[in-house]
Amino acid sequence: MPRIEIDRLSLKLSGLSEDQGRLLAMRVAEGLAAAPAPGGAVQRDAMQASATMVPGGNVTTLADRIVADLVRQLKGTV
(Lines give C-alpha, C1' and ligand atoms only; values in the text may rest on other atoms or scores of the structure.)
Protein backbone atom coordinates (compact mmCIF):
# COMPACT_ATOMS: atom_id res chain seq x y z
CA MET A 1 0.00 0.00 0.00
CA PRO A 2 1.47 3.40 -0.96
CA ARG A 3 2.07 5.83 1.86
CA ILE A 4 3.43 9.27 2.53
CA GLU A 5 6.19 9.69 5.11
CA ILE A 6 7.06 13.13 6.38
CA ASP A 7 10.21 13.59 8.43
CA ARG A 8 9.56 17.22 9.18
CA LEU A 9 6.76 19.69 8.53
CA SER A 10 7.47 23.34 9.12
CA LEU A 11 5.26 26.33 8.46
CA LYS A 12 6.26 29.95 8.13
CA LEU A 13 3.25 31.99 9.11
CA SER A 14 2.41 35.63 9.24
CA GLY A 15 -0.85 37.22 10.21
CA LEU A 16 -2.14 34.21 12.15
CA SER A 17 -2.36 33.79 15.89
CA GLU A 18 -0.44 31.03 17.62
CA ASP A 19 -3.66 29.03 18.00
CA GLN A 20 -4.49 29.48 14.31
CA GLY A 21 -0.97 28.40 13.38
CA ARG A 22 -1.28 25.29 15.51
CA LEU A 23 -4.66 24.49 13.97
CA LEU A 24 -3.26 25.02 10.47
CA ALA A 25 -0.35 22.64 11.14
CA MET A 26 -2.77 20.04 12.51
CA ARG A 27 -5.12 20.36 9.53
CA VAL A 28 -2.24 20.10 7.03
CA ALA A 29 -0.90 17.00 8.78
CA GLU A 30 -4.38 15.43 8.90
CA GLY A 31 -5.00 16.29 5.25
CA LEU A 32 -1.73 14.72 4.15
CA ALA A 33 -2.44 11.64 6.24
CA ALA A 34 -5.81 11.22 4.50
CA ALA A 35 -4.54 12.06 1.01
CA PRO A 36 -4.13 9.30 -1.53
CA ALA A 37 -0.45 8.51 -1.92
CA PRO A 38 0.97 8.65 -5.44
CA GLY A 39 1.50 5.35 -7.22
CA GLY A 40 5.08 4.16 -7.44
CA ALA A 41 8.03 5.30 -5.40
CA VAL A 42 8.43 9.05 -5.13
CA GLN A 43 11.06 10.72 -3.00
CA ARG A 44 11.45 14.42 -2.47
CA ASP A 45 14.15 16.01 -0.37
CA ALA A 46 11.97 19.04 0.19
CA MET A 47 8.70 20.49 -1.00
CA GLN A 48 7.24 23.93 -0.63
CA ALA A 49 3.74 25.33 -0.89
CA SER A 50 2.70 28.94 -0.66
CA ALA A 51 -0.84 30.01 0.12
CA THR A 52 -2.56 33.13 1.35
CA MET A 53 -5.72 33.15 3.40
CA VAL A 54 -8.31 35.29 1.67
CA PRO A 55 -10.20 37.86 3.74
CA GLY A 56 -13.02 36.08 5.49
CA GLY A 57 -11.36 32.72 4.82
CA ASN A 58 -10.62 30.13 7.43
CA VAL A 59 -7.71 27.98 8.49
CA THR A 60 -9.31 24.74 7.32
CA THR A 61 -9.75 26.04 3.76
CA LEU A 62 -6.16 27.29 3.78
CA ALA A 63 -4.94 23.88 4.96
CA ASP A 64 -6.95 22.18 2.21
CA ARG A 65 -5.27 24.38 -0.42
CA ILE A 66 -1.81 23.61 0.98
CA VAL A 67 -2.51 19.87 1.03
CA ALA A 68 -3.87 19.94 -2.53
CA ASP A 69 -0.73 21.75 -3.72
CA LEU A 70 1.61 19.28 -2.00
CA VAL A 71 -0.30 16.26 -3.34
CA ARG A 72 -0.13 17.73 -6.88
CA GLN A 73 3.62 18.08 -6.47
CA LEU A 74 3.93 14.48 -5.31
CA LYS A 75 2.00 13.31 -8.35
CA GLY A 76 4.23 15.41 -10.60
CA THR A 77 1.40 17.57 -11.93
CA VAL A 78 2.66 20.92 -10.70
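Just above sits the structure.
Since we're looking at a predicted model, the values are computed, not measured.

Participant: How do you make sense of the overall build of the chain when you look at a structure like this?
Facilitator: Of regular secondary structure, the chain possesses two helices and zero strands. Buried residues in the chain amount to 21% of all 78 residues. The long-range fraction of contacts in the chain, counting pairs at least 24 apart against all pairs at least 6 apart in sequence, stands at 60%. Accessible area for the chain stands at about 6000 Å²; split by element, carbon and sulfur atoms hold 49% of it.

Participant: Help me out: how do you make sense of the nonpolar core in this one?
Facilitator: Nonpolar side chains in soluble globular proteins tend to be buried together. Counting 11 residues, the largest nonpolar core consists of L24, V28, L32, A35, V59, L62, A63, I66, V67, L70 and V71. Sorting the residues of this core by element identifies α1 (18-34) and α2 (59-75) as the ones contributing at least two each. Tallying contributions element by element places α2 first for this core, with seven residues.

Participant: Help me understand a nonpolar patch on the surface in this model?
Facilitator: Together, I6, L9, L11 and L13 give the surface a local cluster of nonpolar side chains, amounting to about 300 Å² of exposed area. Structurally, L9 can be placed in the segment before α1. When its relative accessible area of 39% is taken as the criterion, L9 is described as partly exposed.

Participant: Just to check I follow, could you spell out the side chain of Q73 for this structure?
Facilitator: Structurally, Q73 can be placed in helix α2. The class of Q73 is buried, set by a relative accessible area of 13%. At 2.8 Å, the side chain of Q73 and the backbone oxygen of Q48 are in polar contact.

Participant: Just to check I follow, could you spell out α1 for this structure?
Facilitator: In an α-helix there are 3.6 residues to a turn, and that puts residues three or four apart on one side. Its 17 residues place the ends of α1 24 Å apart at the C-alpha level, agreeing with the 24 Å of an ideal helix rising 1.5 Å per residue. Every buried residue of α1 is listed here: G21, L24, V28 and L32. Down the axis of α1, the buried set is contained in an arc of 60 degrees. They therefore lie on one face. Residues of α1 that are exposed and point over 90 degrees away from its buried face: D19, A33 and A34.

Rules and cut-offs
- Residues numbered from 1 in each chain as written.
- Predicted model: local features only at pLDDT ≥ 70, side-chain atom pairs only at ≥ 80, totals over all residues.
- Heavy atoms only, no water.
- Helix = DSSP H or I, 4+ residues; strand = E, 2+ residues; numbered from the N terminus.
- Buried < 20%, exposed > 50% of the residue type's maximum accessible area, 1.4 Å probe, protein only.
- Contact = heavy atoms within 4.5 Å.
- Areas by Shrake-Rupley, 256 points an atom, 1.4 Å probe, with all protein chains shown as cover.
- Core = buried A, V, L, I, M, F, W, Y, C linked by side-chain atoms within 4.5 Å.
- Patch = residues over 30% accessible without salt bridge, like charges linked within 9 Å, V, L, I, M, F, W, Y side chains within 5 Å.
- Salt bridge = Lys/Arg side-chain N within 4 Å of Asp/Glu carboxyl O.
- Polar contact = N/O pair within 3.5 Å; in protein donor to acceptor, adjacent residues only side chain to side chain.
- Expected span 1.5 Å × (residues − 1).
- Arc of directions from axis to C-beta.

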